[in-house]
Amino acid sequence: METSAKCSLCGPIPDYASEYHSDWATEHWGGGQKLAPQVSLLKPHKVHHTYDFLECPKCGALFLLENDIAATGSGDYDQSVVTRLSAEDTAVLREILHRAGLATEDPAGLAGRLLGLPDDVLNLAGIHLWERDRELARRLLPALVDHYAAHGGGVWPQNWPWRFLYDFTTTQEDATLLLGELDRHPATPDLDRLRAFARVTVCSICRSIDTDAPTKIRLGALPPGLRALRRFGVSAHIDVWECPECDSLHFCESEDGIDGGLFRVGWMQDRIRPYLRRPESVEAKVIDDLFGHGGASERFIVTLGMRKDPDLVRPLVPRMVRRLANKPARWLHDALCELAQDPATAASVLASIAKLNPTNALVDSLAARARAV
Ligand SMILES: [Zn+2]
Ligand SMILES: [Zn+2]
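Keep in mind that what you see is a predicted model, and the values were worked out from it rather than measured.

### Observations concerning the overall build of the chain
Consideration 1: When helices and strands are counted, the chain shows 16 helices and 10 strands.
Consideration 2: Viewed in the frame of its principal axes, the chain has a C-alpha envelope of about 90 × 55 × 35 Å.
Consideration 3: Out of the 373 residues belonging to the chain, those deemed buried represent 29%.
Consideration 4: A separation threshold of at least 6 residues defines the contact pool for the chain, and within that pool the share at least 24 residues apart is 56%.

### Considerations on the environment of glutamate 255
Consideration 1: Along the chain, glutamate 255 turns up in the loop between strand 9 (249–253) and strand 10 (259–264).
Consideration 2: Judged by C-beta crowding, with 12 C-beta atoms within 10 Å, glutamate 255 ranks as exposed.
Consideration 3: Glutamate 255 sits 76 residues away from tryptophan 331 along the chain, and the two C-alpha atoms are 9.2 Å apart.

### Details of the environment of arginine 277
Consideration 1: When you line up the elements, arginine 277 lands in helix 10 (residues 269–277).
Consideration 2: The spacing of arginine 277 and arginine 314 is 37 residues in sequence and 19 Å in space, taken between C-alpha atoms.

### Let's talk about the sheet that holds strand 5 (residues 79–84)
Strands pair in a sheet through their backbones, by hydrogen bonds, and they do so in one of two ways: parallel or antiparallel.
Consideration 1: Ordered by their spatial adjacency, 5 strands build an open sheet running 1-5-4-3-2, and the pairing between neighbours is antiparallel. Each edge of the open sheet is held by one strand with a lone partner, namely strand 1 (16–20) and strand 2 (43–44).
Consideration 2: Relative to strand 4 (residues 62–68), strand 3 (residues 51–55) is paired through 5 bridges, and the arrangement is antiparallel. By the bridge assignment for strand 4, glutamate 55 is matched with leucine 62.

### Some words on the sheet that holds strand 8 (residues 238–242)
Consideration 1: The 5 strands lie next to each other as 6-10-9-8-7, forming an open sheet whose pairing is antiparallel. Every other strand in the sheet has two partners, leaving strand 6 (215–218) and strand 7 (230–231) as the edge strands with one partner each.
Consideration 2: In this structure, strand 8 lies alongside strand 9, joined through 5 bridges in antiparallel fashion. By the bridge assignment for strand 9, tryptophan 241 is matched with histidine 250.

### So, the domain arrangement of the chain
Consideration 1: In terms of domains, the chain is made up of domain 1 (4–85) and domain 2 (115–202).
Consideration 2: When grouped by side-chain class, the residues that make up the side of domain 1 that touches domain 2 number 5 nonpolar, 1 polar and no charged.

### A word on helix 13 (residues 317–326)
Given 3.6 residues per turn, any residue in an α-helix points the same way as the ones three and four places further on.
Consideration 1: The complete set of buried residues in helix 13 reads Val317, Met320, Val321 and Leu324. Buried residues along helix 13 cover an arc of 100° about the axis, so they all sit on one side.

### Comments concerning the pairing of strand 5
Here is the key point about a regular strand: its side chains alternate between the two faces of the sheet.
Consideration 1: With 5 bridges joining them, strand 1 and strand 5 adopt antiparallel strand pairing. The residue bridging alanine 17 from the neighbouring strand is valine 82, located in strand 5.
Consideration 2: Note: strand 4 against strand 5, 6 bridges, orientation antiparallel. Counterpart to asparagine 67 in the pairing with strand 5 is serine 80.

### Notes on the nonpolar core
Consideration 1: One finds Phe63, Leu165, Leu336 and Val349 to be the most contacted residues of the largest nonpolar core, which totals 82 residues.
Consideration 2: The element that contributes the greatest number of residues to this core is helix 5 (residues 134–151), accounting for 7 residues.
Consideration 3: Shared between two domains, this core holds at least three residues of each, these being domain 1 (4–85) and domain 2 (115–202).

### Observations regarding unusual backbone geometry
Consideration 1: The omega torsion of the bond from asparagine 357 to proline 358 falls at 0°, within 30 degrees of zero and hence cis.
Consideration 2: One can find proline 358 in the loop between helix 15 (343–354) and helix 16 (361–371).
Consideration 3: Located in the positive-phi region is lysine 46, a residue other than glycine, with phi close to 55°.
Consideration 4: When you line up the elements, lysine 46 lands in the loop between strand 2 and strand 3.
Consideration 5: Residues other than glycine seldom take positive phi values, yet aspartate 247 does so here, at roughly 70°.
Consideration 6: You can see aspartate 247 is positioned in the loop between strand 8 and strand 9.

### Let's talk about helix 7 (residues 172–182)
Consideration 1: Listed in full, the buried residues belonging to helix 7 are Asp174, Ala175, Leu178, Glu181 and Leu182. Angular distribution of buried residues about the axis of helix 7 spans 120°; they occupy a single face of the element.
Consideration 2: Packing partners of the buried residues in helix 7 comprise helix 5, helix 6 (160–166) and helix 8 (189–202).

### Overview of the packing of helix 11 (residues 284–291) against helix 12 (residues 295–308)
Consideration 1: Where helix 11 contacts helix 12, the axes come no closer than 8 Å and their chain directions differ by 140°. For the element pair helix 11 / helix 12, the angle class is oblique. Between helix 11 and helix 12, the residues in contact are Ile287, Leu290 and Phe291 and Ser297, Glu298 and Ile301, respectively.
Consideration 2: A breakdown of the residues in the contact of helix 11 with helix 12 according to their chemical character gives 4 nonpolar, 1 polar and 1 charged.

What counts as what
- Residues numbered from 1 in each chain as written.
- Chains lettered and ligands numbered in written order.
- Predicted model: local features only at pLDDT ≥ 70, side-chain atom pairs only at ≥ 80, totals over all residues.
- Helix = DSSP H or I, 4+ residues; strand = E, 2+ residues; numbered from the N terminus.
- Buried ≥ 20, exposed ≤ 12 C-beta atoms within 10 Å, placed from the backbone.
- Contact = placed C-beta atoms within 7 Å.
- Pairing = 2+ DSSP bridges.
- Domains from an automatic or database assignment.
- Nonpolar A, V, L, I, M, F, W, Y, C, P; charged D, E, K, R; others polar.
- Arc of directions from axis to C-beta.
- Core = buried A, V, L, I, M, F, W, Y, C linked by C-beta atoms within 7 Å.
- Axes fitted to C-alpha atoms, helices over the stretch in contact; angles between N-to-C directions.
- Parallel < 35°, antiparallel > 145°, perpendicular 65-115°, else oblique.

Put into structure tokens, the structure is as follows:
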């Protein structure tokens, strides 16, 4: 093979080139911003609709294509960017793109080489592994768990090892594989987070419970699996149930104490748990943030707080009043009426109501109760 720089096919393509697609951009930022015509001769790997690897059919050089096309708007800024990858990065990528089912002799070595790729190249390689070569992705798992255990890097999606390993928590088969690997390592907060997600995926009791859509239940006639969930007994209308198999928390909300809905607490559970056990130890700003998640979370925060110590939720009063005006709910009205039995809180309720426009029947009722204090 020829080297890329001398290649008669891809040689004329600059190392970095972009093309704006709109006439507007061509006019305003100078004409001639066009990709070299040879780009169209490169072979796309069709990894992703926005990013792709383009390969020179003659010398094997690889280019990263980024189509930056806005989904909405004028399209004036839409552009394609083509960047030539270094010989070293190309060699690593060829190991996965041209594997064609061949065994990978040294997955740990390959994992290490992949982790040395630039971020945008690595992200695309990850998509290739997940979408088109799950077998290789699974072979890389032990080395990537080792790497993550040694280096961490947090649980945010931009952290590639986390993102890659997190994808192993989404199917039962892969979650089982991941749990086996995690068991080889001492617990750390980052690994525990992965383990928690994987355990939910394979949980025989609660894996069907969703975060957003409620799992409808009849409290007096629970299916056998859900009967195993441990109840904290916050109130007849809002409670938190804990799964004895995977330790996840779920909100159970019921208007009439007969029918109800279960929602997975999800990411919030690290903060909900201490609030359940020792609400007085939780900082006011955390309580405020948990209330802000809306839905079952706000009802839980207010109900449990009032039961343990109403002073925990008094700072939320202005926010609760606004919430009552925007999304009227009988339980919230009743909670505010109870808090407003204290004269200082009644004054705070009235001051918050004075700022509202418009109000509703529940707000009017609350105002009457507060004025009577
Ligand atoms: Zn070439
Ligand atoms: Zn569970």
